[in-house]
Amino acid sequence: MNFDFTEEQIMVRDTAREFAARELDPVAAKLDAEGEFPADKVAMLAEMGFMGVAIPEQYGGGDMDYVSYVLATEEISRACAGTGVIMSVNNSLVCDPLVKYGTEEQKKEILAPLAAGEKLGCFGLTEPGAGSDVSSMKTNAVLQGDEWILNGEKNFITNAPNSQFAIIFAYTDKDAKHRGISAFIVPMDIDGVSCGPKEHKLGIKASHSSSIFLEDAKIPKSYLLGELGQGFKVAMTTLDAGRIGIASQALGIARASLEEGVAFAKERQAFGKPIARLQAIQFKVADIATRLDAARLLTLRAAYLKDVGKPFSKESAMCKVFAAEAASYAATESLQIHGGYGYTTEYAVERHFRDARITEIYEGTSEIQRVVIASNLLR
Ligand code: CAA
């Protein structure tokens, strides 16, 4: 067993760490306060190969492994969790299924600009009446001649307002239940595709989410992704990988909470000494750090399994639920260490507290992760 990173992985981590400190730390509070999409920072991430970290070079990607992707996502999210999810969605919910299920033409035409970060993508699975229960979606696609015609509504779609392509899931045969769902590549600028207003969210405000409306949206027959009726599987396998990305985002939020809690505890004086010398504070720091390390080990294991081509569905659900809950715990406890100051925007921990919460909800709630873990154990 070897816990050491390769030289390449260390290089990716350090590059992301330096970028986050130089480019994101100074603006993260402003991006949050103003709900501003960091287009310039996303362009810089693209230049570093971070919009398609583990995508082969021949398709515009960074040609690194999923462990590197975890390391990079943690570093970016440590500084700005909103930027972290913009990157994560493009990498694992959009580029990853295009690598796995795309035709050679789709890879050349659509994956390459997405992986290079010249274009941005989103993942249209959720609907107003279909969140955890994917099969209850209503969006449908009908083949007419050489075109698919899509109708329906997707909601809470991260990156939708800034994307050029969406992967959209729709019924092509309602009677076949989940085996009648198919996946499609939908350009966002065609007639019949529009976005609703940007959601007003609790956190990750640098990343924009909205509904996507499909009203007789016509796409070429060749934009079917994977096989007809394979969409549920495309969605599930994509989410297996995506959840590792969200776990990495949660690691970044937890680490920011820890580092800022420690710094505050060393500075803040009470009862004639820094509060870091009080056992009540020490226990909080110890518990945050232990959960963070456990979450990181689970996340790296899931990424490693994906890299070596072994099954990782259960492990990705485990890292997602554990890292998300560790991030919420870390932010809550760090805010408590900060006392009244932590409740103000003067300190970043209130942002981490808000940002952490979504990691327990999107790409499968913590309850769904437990369903996935249990169903793997109880088969
Ligand atoms: N890999 C491959 N196949 C899988 C699979 C996986 N991980 N999980 C399930 N399947 C297969 C099953 O083997 C089964 O196959 P058959 O066709 O042979 O029957 C089929 O899929 C149906 O499986 P289930 O009966 O288990 O399906 P279910 O309807 O009970 O749902 C679920 C299971 C785990 C609850 C699933 O629906 C789920 O993960 N729900 C959560 C959805 C989710 O994560 N949404 C997040 C939205 S995306 C987002 O948040 C993006 C964003 O913008 C940030």
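Further up the page is the structure itself.
The residue numbers shown here count from 1 along each chain, following its written sequence. Per-residue local features are limited, in this predicted model, to residues with pLDDT of at least 70; the limit for side-chain atom pairs, both in listing and counting, is 80 or more; totals at the level of whole chains, interfaces and linings are taken over all residues. The side-chain numbers reported here are obtained from all heavy atoms of the structure, hydrogens and water having been left aside.

## Side note on the site of the ligand
Then, number 1: If a single non-hydrogen atom of a residue is within 4 Å of a molecule or strand, that residue counts as near it. The environment of the ligand is made up of 23 residues, and the closest members are H178, R179, D240, R243 and E363.
Then, number 2: For the purposes of these results, a polar contact is taken to be a pair of N or O atoms within 3.5 Å, where, inside protein, one atom must be able to donate a hydrogen and its partner to accept one; residues adjacent in sequence count only when each atom of the pair is a side-chain atom. Between R179 and the ligand, the recorded distance is 2.9 Å, taken from a side-chain N or O atom to an oxygen atom.
Then, number 3: In the environment of the ligand, an oxygen atom lies 2.9 Å from a nitrogen or oxygen atom belonging to the side chain of R243.
Then, number 4: Note that accessible areas follow from Shrake-Rupley with a 1.4 Å probe, and for residues the cover is restricted to the protein chains shown. The protein chains hide 68% of the 1100 Å² of surface that the ligand would expose on its own.
Then, number 5: If you list the elements that add at least two residues to the shell around the ligand, you get β3 (147-158), α7 (231-267) and α11 (366-377).
Then, number 6: With six residues, α7 is the largest single contributor of residues to the shell around the ligand.
Then, number 7: Tallied by class, residues from the shell around the ligand come to ten nonpolar, nine polar and four charged. Segments assigned H or I by DSSP are reported as helices when at least four residues long, segments assigned E as strands when at least two residues long, and all are numbered from the N terminus. Three residue categories are used. Nonpolar comprises Ala, Val, Leu, Ile, Met, Phe, Trp, Tyr, Cys and Pro, charged comprises Asp, Glu, Lys and Arg, and polar comprises the others, including Gly.

## Here we look at a nonpolar patch on the surface
Then, number 1: Within this analysis, patches are made of residues with over 30% relative accessible area and no salt bridge. Like charges are joined at 9 Å or less; nonpolar side chains (Val, Leu, Ile, Met, Phe, Trp, Tyr) at 5 Å or less. Basic side-chain nitrogens of Lys or Arg form a salt bridge, by our definition, when they fall within 4 Å of a carboxyl oxygen of Asp or Glu. Residues M1, F3 and L297 make up a contiguous nonpolar surface patch of about 440 Å² in total accessible area.
Then, number 2: Relative to the elements of secondary structure, F3 occurs in the segment before α1 (7-24).

## Topic: helix α6 (residues 104-115)
Then, number 1: Buried, partly exposed and exposed residues are distinguished by accessible area as a fraction of the type maximum, computed with a 1.4 Å probe on protein chains only: under 20%, between the cut-offs, and over 50%, respectively. Of the residues making up α6, those classed as buried are Q106, K107, I110, L111, A112, P113, L114 and A115.
Then, number 2: Looking one or two residues past α6, G117 carries a phi angle of roughly 80 degrees, positive in sign.

## Here we look at the packing of aromatic side chains
Then, number 1: Stacked, tilted and edge-to-face are the three classes applied to pairs of Phe, Tyr and Trp rings, where Trp contributes its six-membered ring and a pair requires centres within 6.5 Å; stacked means planes under 30 degrees apart, edge-to-face means over 60, and tilted covers the rest. Here the structure, examined in full by the defined rule, presents six aromatic pairs.
Then, number 2: Both rings, one in Y66 and one in Y69, keep their centres 4.8 Å apart while their planes meet at 55 degrees; by these two values the pair is tilted. With Y66 and Y69 both in helix α4 (residues 66-79) and three residues apart, the pair spans about one turn of that helix. You'll find Y66 and Y69 in the same group, each marked buried.
Then, number 3: Centre to centre, the rings of F123 and F169 are 5.1 Å apart; their planes meet at 70 degrees, and the pair counts as edge-to-face. Linking F123 in strand β1 (residues 121-124) with F169 in strand β4 (residues 165-171), this pair joins segments that are 46 residues apart in sequence.
Then, number 4: The exposure class assigned to F123 is buried, which follows from its relative accessible area of 8%.
Then, number 5: By relative accessible area, which is 0% here, F169 ends up buried.

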